[in-house]
Amino acid sequence: MKFFIDTANLAEIQEAYDLGVLDGVTTNPSLMAKEGITGQANILAHYKAICDIVDDNVSAEVIATDYETMVVEGRALAQIDSKIVVKIPMIKDGVKAIKTLSSEGIRTNCTLIFNAGQAILAAKAGASYISPFLGRLDDISMDGLELIDQIVTIFDNYDFETEILAASIRHNIHLIKCAEMGAHIATCPLKVILGLLKHPLTDKGLEIFLADYAKGNS
Ligand code: E4P
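The structure reproduced in this document is the subject of the present report. Being a predicted model, the structure only gives us computed values, none of them experimental.

1. Some words on the layout of surface pockets
Volume-wise, the largest pocket comes out at about 420 Å³. Counting residues per element, the ones that place at least two in the lining of the largest pocket are helix H2 (29–34) and helix H10 (190–195). Looking at the lining of the largest pocket, the element that brings in the most residues is H2, giving three residues. Split into classes, the residues belonging to the lining of the largest pocket amount to seven nonpolar, eight polar and eight charged.

2. Remarks on the pairing of strand E4 (residues 84–89)
Burial analysis of E4 places six of its six residues in the buried class, the great majority of the element. Side chains Ile84, Val86 and Ile88 of E4 all project onto a buried face; the interleaved residues Val85, Lys87 and Pro89 project onto the opposite face, where all are buried too. As judged from the four bridges shared by strand E3 (residues 58–61) and E4, these two strands associate in the parallel manner. Looking at the pairing, Glu61 lines up with Lys87 of E4. Of the strand pairs in this sheet, E4 and strand E5 (residues 108–113) are connected by four bridges, and their pairing is parallel. Across the sheet, the residue bridging to Pro89 is Thr111, located in E5. Regarding the hand of the β-α-β motif, the stretch spanning E4, helix H5 (residues 92–103) and E5 is right-handed.

3. A look at the site of the ligand
Residues in close proximity to the ligand include Asp6, Thr26, Asn28, Lys87, Phe133, Arg136, Ala167, Ser168 and Arg170, which together make up its full environment. A distance of 2.6 Å separates an oxygen atom of the ligand from a polar side-chain atom of Asp6. Contact distances for the ligand include 2.6 Å between an oxygen atom and a side-chain N or O atom of Lys87. Burial of the ligand by the surrounding chains reaches 84%, relative to a free accessible area of 350 Å². Taken atom by atom, the bulk of the ligand overlaps the largest pocket.

4. Brief notes about the sheet that holds strand E6 (residues 129–132)
Through backbone hydrogen bonds, the strands of a sheet pair up, either in parallel or in antiparallel fashion. The strand order E1-E2-E3-E4-E5-E6-E7-E8 describes a closed barrel built from eight strands, whose pairing is parallel. The sheet shows a mean angle of 30° between the axes of neighbouring strands, taken without regard to direction. Looking at chain direction, E5 and E6 are connected through three bridges and run parallel. By the bridge assignment for E6, Asn109 is matched with Tyr129.

5. Quick notes on the packing of helix H6 (residues 116–125) against helix H8 (residues 144–158)
Contact pair H6 / H8: the axes reach a minimum separation of 10 Å and the direction vectors enclose 40°. Taken together, the axes of H6 and H8 lie oblique to each other. The two elements H6 and H8 cross, and the hand of that crossing is right-handed. Of the residues in H8, those in contact with Ala116, Ala119, Ile120 and Ala123 of H6 are Leu147, Gln150, Ile151, Ile154 and Phe155. Classifying every residue of the contact of H6 with H8 gives eight nonpolar, one polar and no charged.

6. Quick look at the packing of aromatic side chains
In total, this model carries four aromatic pairs according to the counting rule given. Considering the side-chain rings of Phe4 and Tyr129, the 6.1 Å spacing of their centres and the 80° angle between planes classify their relative orientation as edge-to-face. Of the two residues, Phe4 is situated in strand E1 (residues 2–6) and Tyr129 in strand E6; the sequence distance between them amounts to 125 residues. Judged on exposure class, the residue Phe4 and its partner Tyr129 are both buried. Taking 5.5 Å as the distance between ring centres and 65° as the angle between the ring planes, the aromatic pair formed by Phe114 and Phe133 counts as edge-to-face. Placement of the pair is Phe114 in the loop between E5 and H6 and Phe133 in the loop between E6 and helix H7 (134–139), with a sequence separation of 19 residues.

7. Observations concerning the side chain of Glu73
By the element assignment, Glu73 lies in helix H4 (residues 67–80). For the buried Glu73, no salt bridge is present, and the opposite-charge side chain at shortest range is Arg75, 12 Å distant. The contacts of Glu73, once residues within four sequence positions are left out, are Glu61, Val62, Ile63 and Ala64.

Cut-offs used in this document
By convention here, each chain's residues receive numbers from 1 onward along its written sequence. At least 70 in pLDDT is required for a residue's local features to be given in this predicted model, at least 80 for side-chain atom pairs to be given and counted, and no such filter applies to totals for whole chains, interfaces and linings, which use all residues. Hydrogens and water are ignored here; the side-chain numbers use all heavy atoms of the structure. Cavity and pocket criteria rest on a 1 Å grid covering protein atoms alone: a 1.4 Å probe that fits but cannot get out defines a cavity, protein on both sides within 12 Å along at least 5 of 7 lines defines an open pocket, and an atom within 4 Å of a point defines a lining residue. Grid points are joined across faces, edges and corners, and a volume is the space filled by probe spheres set on the points. Note on conventions: DSSP H or I runs of at least 4 residues are helices, E runs of at least 2 residues are strands, and numbering of each starts at the N terminus. Here the nonpolar group is Ala, Val, Leu, Ile, Met, Phe, Trp, Tyr, Cys and Pro; Asp, Glu, Lys and Arg are the charged ones; every other residue, Gly included, is treated as polar. Relative accessibility decides the category of a residue: with a 1.4 Å probe and only protein chains considered, values under 20% of the type maximum give buried, values over 50% give exposed, and everything between is partly exposed. Only when DSSP finds a minimum of two bridges between them are two strands counted as paired. A crossover gets the label right-handed when its path from the first strand over the helix to the second runs clockwise, viewed with the strands pointing away from the viewer. Summary of the distance rule: residues count as near a molecule or strand when at least one heavy atom falls within 4 Å of that molecule or strand. Residues adjacent in sequence count toward polar contacts only when both atoms are side-chain atoms; beyond that, a polar contact is any pair of N or O atoms within 3.5 Å, and within protein one must be able to donate a hydrogen and the other to accept it. Accessible areas in this description were obtained via Shrake-Rupley with a 1.4 Å probe; residue shielding takes into account the shown protein chains only. More than half of a molecule's atoms within 2 Å of the grid points is what it takes for that molecule to sit in a cavity or pocket. For helices, the fitted axis covers only the stretch in contact; all axes are lines through C-alpha atoms, and the angles between them, taken along N-to-C directions, range from 0 to 180 degrees. When an angle is under 35 degrees it counts as roughly parallel; over 145 it counts as roughly antiparallel; between 65 and 115 it counts as roughly perpendicular; any other value is oblique. Crossings are classed by handedness, with left-handed meaning an anticlockwise turn of the near helix from the far one by less than a right angle and right-handed meaning a clockwise turn. By the convention used here, residues are in contact when the closest approach between their heavy atoms is within 4.5 Å. Two rings from Phe, Tyr or Trp (for Trp, the six-membered ring) form a pair when their centres sit within 6.5 Å of each other. Planes less than 30 degrees apart are called stacked, planes more than 60 degrees apart edge-to-face, and all others tilted. Two residue types count as positive, namely Lys and Arg, and two as negative, namely Asp and Glu; His and chain ends fall outside the count. When a carboxyl oxygen of Asp or Glu lies within 4 Å of a side-chain nitrogen of Lys or Arg, that pair is called a salt bridge.

What follows is the structure, encoded as structure tokens:
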């Protein structure tokens, strides 16, 4: 399973990268705004700064919602760095843009996926990744994990090459269940990645080992 970090914060990206387990980064316009990155030139420069930290897979989202402008924007984003994956929303023009960009060899990540039908459409258009938002489904009392399971089954049935990028992950159980179900990638905040380290018995066990060592070596 690949781990992406879901942030535009350079320090957090660096921290996850330094841990040695990071395979990519997802951003979106809200995450860029949260870091105070505004203005097209600054946004493009920030994508480049992210690419300079990680080895591959930096999702950069288009702002346009019409086919022609999305394609132009997608090509420009792909020019920033070969690590860029162009993130396109699941709308009619977005599906067309995915088809065009993927036929040009530009990797795409279809975002804002909330049902299996949307996932199938994006995969058929040639998306490299699809991003089902499981936390946002949970927020409206639906079962986000059930959607991941359904998409894994469908993609397996047809050997789709599109990878399932489980997004909007809020906690460790989300991530572990996605791994059990066979999602190819999970994108999550740094706190979820670091949360995987934690177990009280690990801390307690280490404390006992160190205390016993100190007793015998003091
Ligand atoms: C990732 O690609 C998504 O933009 C992100 O996971 C959305 O997460 P949120 O629902 O916590 O905003």
